[in-house]
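Examination of the molecular architecture
As a plain string of letters, each chain reads:
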Amino acid sequence: MNNAIYNVPTPINEPVRNYAPGSPERASIKAELERMAAAEPMQIPYVIDGKEYFEGPKKQVVMPHDHAHVLADFTMAGIDELKDAVNSAMDAKESWAAMPWEHRAAIFLKAADLVAGPWRDRINASTMLGQSKTVYQAEIDAACELADFLRFNVFFAQEIYKNQPESAPTMWNRMEHRPLSGFVLAISPFNFTAIGGNLPTAPALMGNTVVWKPASTSVLSNYLVYQVLREAGLPDGVINFVPSRGADVDTAVIQDPRMAGFHFTGSTEVFSQVWRVIGDNIKMYENYPRMVGETGGKDFIFAHPTADVRSVVVAMVRGAFEYQGQKCSAASRCYIPESLWPAIKEDLLAEVAKLKVGDVRDFTNFMGAVIDEPAFKSITGYIDYAAASDEAEVLCGSYDGSKGYFVEPTVIQTTNPNFKTMVEEIFGPVLTVYVYPDAQLEETLISCRDASVYALTGAIFAQDRAALMQMDTALADAAGNFYINDKPTGAVVGQQPFGGGRASGTNNKAGSTLNLLCWTSPRTVKETFVPAQQVEYPFMDEA
């Protein structure tokens, strides 16, 4: 395996366009949105060994904000087809692993430039229409973060290859970072197009071949990402694109003895189920499968009495309601001191009242719709529960699913720090506030730390440095990504590697060497230039 080093330049983060009125990027994306929305539904195949298949059961991609509007029909791979995808990945494995690293890297660097360049509008528009993201949220995700993952991962891979052991005189020690001995299964979520691209490409960069199951509600944007990879020169069989049922993936892929890795972002429940299946069948696998998962979150904002009111309010609104709260990092629970609550409440409700919710093609809207009907019913069930409870008050928020799956930004105030909406993941635009007595800071920090099974993101606000130190120490185990005087969302590749612990995942930090190391099977090689010529050691000589 050739791990030659060619000094890939240190990448910089892809600049985020602001799409301001009158800007050329605004006119360009508007035109693409109009074209894509008016087009006949795209026909999306599953792809195995580079071949596209259009025959089989179909499902639809619709606009969440206009759920009668069909954007695409996609073909589902069944059990037999998934087995074919596994075999394709295994057949492609040897030649892909043998490809010199710089040529594998070039594919993903080219893909990054395609995403940032000629494919930018198409991928952004598909994310906006199919996943109901505003133009700015789509730009950050589908264009910039995806390009960042592709570029930074190449740089991180090079750093891994460069890290070599020491060698003593007359010998040479070296480390080969070989791919895993099997295939990798990647299951990606609906909420980030960039994650859809990163989950299969990170293992592939390190020489692995992949079976990729995208979420049904993000198939449109994910298929465009797959087309970019093909245009960039990805060989047949390296990544097989197979929209499919979870139960079929369980039968045909997860329980295949050759599965060597599982790269996942999604619910804690699904990841736990897969872990259980693997554990129950561990003796049949040819290797211990690498399990890398980023799962749920119940992310917090905790304000100290010295916090700046305006900073807290802006973090609450942006952290909780951007992309309808459908981020695993989204602020979902807040701890506000009594002394600040009147001012924060007034400012918060005033800001929320300004937010427009609707079709993402209207650039004056701050929010779109939640992803689908099951999500809409789940989220609104929490709102109804709070409205009926003696321990909570719904301060603002409503919902209407008749045309689109719209849930207005909702703020709940509770008197119980362990209230249902303070501890359970909602994954929607619902923020619950617990107001604590200023004198009970320490007790409330403990409550924040222990109330949730998750430990993904969290934010603390204070002007007093001693208070920040106290809060930081108390909440050290409560969040894998921790923010001081900032909202708990918006991790940037290369700046804040992302992941959490507890029920939030394996904390392998997407966007860092820590993640890429999971997809390698290191081999240590010792070459001795002057071999020993005698058996006896000096201590064996007679005195």
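Structural data are supplied above this passage.
Residues numbered from 1 in each chain as written. Predicted model: local features only at pLDDT ≥ 70, side-chain atom pairs only at ≥ 80, totals over all residues. Heavy atoms only, no water.

1. Some words on the packing of helix H6 (residues 193–205) against helix H7 (residues 219–231)
How we decide: Fitted lines through C-alpha atoms give the axes, limited to the stretch in contact for helices. The angle between two N-to-C directions lies from 0 to 180 degrees. Secondary structure elements follow DSSP: runs of H or I no shorter than four residues count as helices, runs of E no shorter than two count as strands, and numbering proceeds from the N terminus. Oblique is the label for any angle not under 35 degrees, not over 145, and not in the 65 to 115 range, which are roughly parallel, roughly antiparallel and roughly perpendicular in turn. Helix crossings fall into two classes, left-handed where the near helix is turned counterclockwise from the far one by less than a right angle and right-handed where it is turned clockwise. Every residue pair with non-hydrogen atoms within 4.5 Å of one another is taken to be in contact. Classes in brief: Ala, Val, Leu, Ile, Met, Phe, Trp, Tyr, Cys and Pro nonpolar; Asp, Glu, Lys and Arg charged; the others, Gly included, polar.
At a minimum axis distance of 9 Å, the contact between H6 and H7 shows a crossing angle of 45 degrees. As far as their axial angle goes, H7 and H6 are oblique. Remark: the crossing between H6 and H7 carries right-handed chirality. Of the residues in H7, those in contact with Thr193, Gly196, Gly197 and Thr201 of H6 are Ser221, Asn222, Val225 and Leu229. Among the residues making up the contact of H6 with H7, the classes are represented as two nonpolar, six polar and no charged.

2. Here we look at empty space enclosed by the protein
Selection criterion: In this analysis a 1.4 Å probe is tested at points of a 1 Å grid over the protein atoms alone, and where it fits but cannot get out there is a cavity; an open set with protein on both sides within 12 Å along at least five of seven lines is a pocket; lining residues have an atom within 4 Å of a point. Grid points are joined across faces, edges and corners, and a volume is the space filled by probe spheres set on the points.
Inspection of the entire model under this criterion finds one cavity of 30 Å³ or more. Put simply, the largest cavity is a space of about 90 Å³. Lining the largest cavity are 13 residues, with Gly325, Lys327, Ala330, Ser332 and Phe427 positioned closest to its centre. Tallied by class, residues from the lining of the largest cavity come to six nonpolar, four polar and three charged.

3. Focus on the layout of surface pockets
The calculated volume of the largest pocket comes to roughly 1,400 Å³. Lining of the largest pocket is provided by 48 residues; of these, Phe190, Ala215, Gly266, Ser267 and Val270 occupy positions nearest its centre. Among the elements that line the lining of the largest pocket, the one with the most residues is helix H12 (residues 373–388), at six residues. The residue inventory of the lining of the largest pocket, partitioned by class, reads 24 nonpolar, 15 polar and nine charged.

4. Let's talk about the packing of aromatic side chains
Worth spelling out the cut-off: Stacked, tilted and edge-to-face pairs are distinguished by plane angle, under 30 degrees for stacked and over 60 for edge-to-face with tilted covering the rest, among Phe, Tyr and Trp rings (Trp via its six-membered ring) whose centres lie within 6.5 Å. Note on classification: 1.4 Å probe, protein chains only; a residue is buried when its accessible area is under 20% of the maximum for its type, exposed when over 50%, partly exposed between these limits.
Evaluated as defined, the whole model comprises 20 aromatic pairs. Aromatic pair Phe271 and Trp275: ring centres 5.6 Å apart, planes at 85 degrees, arrangement edge-to-face. With Phe271 and Trp275 both in helix H9 (residues 268–280) and four residues apart, this pair spans about one turn of that helix. Residue classification places Phe271 among the buried residues on the basis of a relative accessible area of 6%. Arranged with centres 6.2 Å apart and planes meeting at 20 degrees, the rings of Tyr537 and Phe539 form a pair that is stacked. Take Tyr537: its relative accessible area is 53%, and that puts it in the exposed class.

5. Examining the sheet that holds strand E18 (residues 430–436)
Test applied: The rule for pairing is simple: two strands pair if DSSP sees at least two bridges between them.
Here we have seven strands laid out as an open sheet, ordered E14-E17-E18-E13-E12-E20-E21, and mixed in their pairing. Whereas interior strands pair on both sides, the edge strands pair on one side only; in this sheet they are strand E14 (392–396) and strand E21 (481–484). Here the average twist between neighbouring strands, direction ignored, is 20 degrees. Pairing geometry for strand E13 (residues 331–337) and E18, over five bridges, is parallel. Looking at E18, one finds that Pro337 is bridged to Tyr436. In the packing of H12 onto the sheet, the strands contacted are E14, strand E17 (410–414) and E18, and the crossing angle to E14 comes to about 120 degrees.

6. Comments concerning helix H10 (residues 309–321)
Inclusion rule: A helix is expected to span 1.5 Å multiplied by its residue count minus one.
The terminal C-alpha atoms of H10, which comprises 13 residues, lie 18 Å apart, in line with the 18 Å expected from a rise of 1.5 Å per residue. Buried positions along H10 lie against strand E12 (299–303), E13, helix H11 (341–354), E17, E18 and strand E20 (457–461). Positive backbone phi, at 50 degrees, marks Tyr323, one or two positions downstream of H10.

7. Considerations on the nonpolar core
The nonpolar side chains of a soluble globular protein tend to be buried, and buried together. To be explicit about the condition: In this text, buried Ala, Val, Leu, Ile, Met, Phe, Trp, Tyr and Cys residues form a nonpolar core when linked through side-chain atoms within 4.5 Å.
Grouped together as the largest cluster of nonpolar side chains are 76 residues, with contacts concentrated most on Phe108 and Ile239. Per-element tally for this core: the top contributor is helix H5 (residues 135–162), with 14 residues. Not counting residues within four places of it along the chain, the set of residues in contact with Ile239 comprises Pro200, Thr201, Ala204, Val210, Trp212, Tyr226, Leu229 and Leu234. Within the second largest apolar cluster, 34 residues are counted, among which are Tyr335, Phe376, Tyr382 and Ala479.

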